Amino acid sequence: MAMTLSQKRQTFSVFRYAILTVWLCIVAFPMFWMVGTSFKPDREWFSWPPVYITENATLRNYAIVWANINEYTKADGAHIDPKTGELSQYTQSLQRPWTALRNSTIIAGLATTLAVIFGSVLAYGVSRHQILSESRMFQLLMLRMVPPIVLIAPISLWYRQIGLLDTITGLVILYFLTSLPYAVWMSKSFIDEVPREMEQAAEILGASRWRTIWEVVLPLVRSGLVATFLFILILTWSEYLLALLLSKAEVLTLPVELSKYQGSTEGRVYGRQAALSVGITIPLVFVGLIIRKHLARGFSFGMVRR
Amino acid sequence: MSRIELKDLRKEFGNTVAVNDLNLTIEDGEFIVLVGPSGCGKTTTLRMIAGFEDPTSGQIELDGKIVNDLEPRDRDLGMVFQSHALFPHKNVADNIVFGLRMQNVGKEEQLKKLHEVSELVRISHLLTKMPGQCSGGESQRIALARTLVTEPSNFLLDEPLSSLDAKLRRELRAECDRLHAELQKTFVYVTHDQEEAMTLADRIVVMDLGEIVQMGSPIDIYSDPVSYFVADFFGNPAMNLIEGEFFKEGDGIEFRSDSFNVSVPASYNNMTPGKGTFGIRPENVNVSSSKGDGSRKIGLVEPLGKDTLLYFETTATRPFVAIVDGTESYSAGEPVELTFPDENMFLFDSNGDRIRS
């Protein structure tokens, strides 16, 4: 049977939403599993058939991870240590999630802010005054393609020499430098979108250079800069390798903290990890919510006309 | 009182010379149009006056003061851009008062001037809209208002109408004319459209390859072009230009080409024979019914109402055009005779320079 054009369009639209729904499920499933696991008692972490939605929801995982409450009974589903016959007692006292949260907030926040500020200023210079040639811009991006593992040895040696090992400053500097290329490239794409004539119009109407940037350029690239900020924040917030190897005892960040719940002598404690992961994710979601109106515009890289 | 003087103005981009030692004086209150094909240096010249491009050498003087090193905002200029360049995040009123705010004009004064100028360009009903909600013509009026409100002595207009459709362009062209008449300020207008140049200018400056080819009133340029280039550029439909060769024929000169042979008026008898071009404007071609020798067939008839265009096939790529009165009726394939009045002939040598009688 021949379909009319509008029927065809409708069919296509149904088809499209079906695919998007499936895709959404695939993407959202790990998050669902993370949140779900964080509320499960110990015995359900590995149970088969898997428990999708627990009927014995508990806040125990959160209490142990975030409040260091370590009272533990068999009723909570604790394992019995096969050697001693006693209830497993996890050594949570060694973990400091709140310190890690504080460190991560300072390090990621500061590094990201610095990267976006310096990056966008640099990008403005490149976009308007070609202060970096095209090949320099690509070299900048290449810098980012060096695997971090290559940097670790020289940097830790060097950091030890100048006393930056295991310090917040050390990590801020490193995160700032490694995310600068992203910041420059992303913000440049937004600044390029602002026509030069718009700035010249402001200038000839009597605006100073700074006033022009402040009143004309900045409002037009704000969404883009916000998107850049979130993108870099996600990267620095969840950076693991450099943080693990450049911090020893003092400066622990959340991803490193997360790893401490895994592979320790007690075995894998997925419920606690999940509870910590939820805590790690919430700030990002929160930031995303605050700036959501900028994101659709920013992440479309100007494809949507302003 | 404001007078713009360009002295040996030169601009090079790498190895390309965009503007080649230009000399031009623009008088106070004059409406001057820089016209030429793209790449002729007209926009670069305007942008140097505005201060967006630094001249490679030469001087720009405003009222006898060298302004080469002044920032654009210190030059007492207003500029209207091809893209309109409205600020998309500010509403129309905020766009218009932007310049006043930059000059620290008081709030009340701002409002007063805002209303005056929006009356002047007839956009009072748009003030609370965002630029994105305005049409192309409205945007251009807003851009004009934004420039007018700061009351500069000189207005620079960079192809302000080229992004608009034909009807709007005519309408805003008239608007520009009216504003110039009302304000009595200096207008420097850049366009590649010969019709805009003809209708607006007190004086046209024709540019090509970074140099001034000819300067003069629209009617001078039209009736007395100095070269093939200018003759070809002005007029719609364009002048019929036929490549061929001039031969000495007894005492006189004859022009021969694949499609036309014309005996050149006696006043040209002293010219050097050789390759060249013969030109005649379509409206100067006399068409008479004929069945005899030398008649040619009409290829295409294009009635425009008041006038009718007749097209004739030639060996050149461009057809030969004649304009006749709309009341006369012709049909395609009809044989006619074409004659050219002596006083309307234009002759150009092989370099494209005009041959004078």
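Remember, it's a predicted structure, so these values are computed and weren't measured experimentally.

*Asks:* Whenever I open this one, the environment of Cys134(B) confuses me. Can you help?
*Replies:* Residue and element names in this part refer to chain B. Within the element layout of this structure, Cys 134 appears in the loop between α3 (107-120) and α4 (136-148). Its relative accessible area of 11% is what places Cys 134 among the buried residues. Through-space distance from the C-alpha of Cys 134 to that of Asp 21 is 41 Å; in sequence the pair is 113 residues apart. Setting aside residues up to four positions removed in sequence, Cys 134 forms contacts with Val 92, Leu 126, Lys 129, Ser 139 and Ile 142.

*Asks:* Would you mind showing me how to read the environment of Ala67(A) here?
*Replies:* Relative to the elements of secondary structure, Ala67(A) occurs in helix α2 (residues 60-67). Overall, Ala67(A) belongs to the partly exposed group, its relative accessible area being 47%.

*Asks:* How should the domain arrangement of chain B be read in this particular structure?
*Replies:* Often, the extent of an interface is quoted as the loss of accessible area on bringing the components together. Residue and element names in this part refer to chain B. As assigned here, chain B comprises domain 1 (4-227) and domain 2 (237-355). Look at where the C-alpha atoms of domain 1 and domain 2 centre, and you get two points 39 Å apart. For the pair domain 1 and domain 2, the summed buried surface comes to about 530 Å²; carbon and sulfur atoms form 43% of the total. Looking only at domain 1, the three residues that lose the most surface to domain 2 are Tyr 222, Pro 225 and Ser 227, adding up to 75% of its buried area. Our enumeration of links across domain 1 and domain 2 arrives at five residue pairs in polar contact (both at pLDDT 80 or more). For the side of domain 1 that touches domain 2, the class distribution of residues is three nonpolar, two polar and one charged.

*Asks:* Even after reading the chapter, I still don't get the sheet that holds strand β14 (residues 274-280) of chain B, so can you show me in this structure?
*Replies:* For sheets, the rule is that strands pair by backbone hydrogen bonds, running either parallel or antiparallel. All names here are of chain B. With antiparallel pairing, the six strands of this open sheet are ordered in space as β13-β12-β11-β14-β21-β22. Edge positions in the sheet fall to β13 (261-264) and β22 (354-355), since each of these pairs with one other strand and no more. Relative to β14, strand β11 (residues 240-249) runs antiparallel, the two sharing seven bridges. Within the sheet, the bridge partner assigned to Gly 244 lies in β14 and is Gly 276.

*Asks:* Please clarify how the pattern of salt bridges should be interpreted in this entry.
*Replies:* Opposite charge on two side chains lets them pair, provided their charged atoms get close. If you walk through the whole model with that rule in mind, you get 32 salt bridges over all chains. The closest approach of N and O atoms between Lys188(A) and Asp192(A), which form a salt bridge, is 2.9 Å. Of this pair, Lys188(A) and Asp192(A) both sit in helix α6 (residues 168-193), four residues apart, roughly one helical turn. Two residues, Arg141(B) and Glu171(B), come together in a salt bridge whose shortest N-O distance is 3.2 Å. One end of the pair, Arg141(B), is in helix α4; the other, Glu171(B), is in helix α5 (residues 166-183), and 30 residues separate them in sequence. Looking at Arg141(B), the relative accessible area reads 11%, which means it is buried.

*Asks:* Which parts of the structure should I look at to understand the interface of chain A and chain B?
*Replies:* Every contact between the two is made by 17 residues of chain A and, on the other side, 25 residues of chain B. The junction of chain A with chain B conceals about 1900 Å² of combined surface from both sides, 63% of it contributed by carbon and sulfur atoms. By the criterion of area lost to chain B, the three top residues of chain A are Glu197(A), Ile204(A) and Leu205(A), representing 38% of everything that side buries. In this assembly, chain A and chain B are joined by two salt bridges. Of the charged contacts in the structure, one is a salt bridge between Arg101(B) and Glu215(A), with a shortest N-O distance of 2.4 Å. Elements with a minimum of two residues in the side of chain A that touches chain B: α7 (196-204) and α8 (209-237) of chain A. Counting residues per element, the side of chain A that touches chain B draws most heavily on α7(A), at seven residues. When grouped by side-chain class, the residues that make up the side of chain A that touches chain B number nine nonpolar, three polar and five charged.

*Asks:* Mind showing me how you'd approach the packing of aromatic side chains here?
*Replies:* Given two aromatic rings, one states the distance between the centres and the angle between the planes to describe the pair. Residue and element names in this part refer to chain A. All told, the structure shown has 25 aromatic pairs over all chains when counted by the stated rule. Their ring planes at 70° and their centres at 5.7 Å tell us that Trp 33 and Tyr 52 sit as a pair that is edge-to-face. Taken together, the positions of Trp 33 in helix α1 (residues 5-38) and Tyr 52 in the loop between α1 and α2 put the pair 19 residues apart, joining distant regions of the chain. By relative accessible area, which is 26% here, Trp 33 ends up partly exposed.

About the thresholds
Residues numbered from 1 in each chain as written. Chains lettered and ligands numbered in written order. Predicted model: local features only at pLDDT ≥ 70, side-chain atom pairs only at ≥ 80, totals over all residues. Heavy atoms only, no water. Helix = DSSP H or I, 4+ residues; strand = E, 2+ residues; numbered from the N terminus. Buried < 20%, exposed > 50% of the residue type's maximum accessible area, 1.4 Å probe, protein only. Contact = heavy atoms within 4.5 Å. Domains from an automatic or database assignment. Buried area = accessible area lost by both parts, 1.4 Å probe. Polar contact = N/O pair within 3.5 Å; in protein donor to acceptor, adjacent residues only side chain to side chain. Nonpolar A, V, L, I, M, F, W, Y, C, P; charged D, E, K, R; others polar. Pairing = 2+ DSSP bridges. Salt bridge = Lys/Arg side-chain N within 4 Å of Asp/Glu carboxyl O. Phe/Tyr/Trp six-rings, centres within 6.5 Å; stacked < 30°, edge-to-face > 60°.

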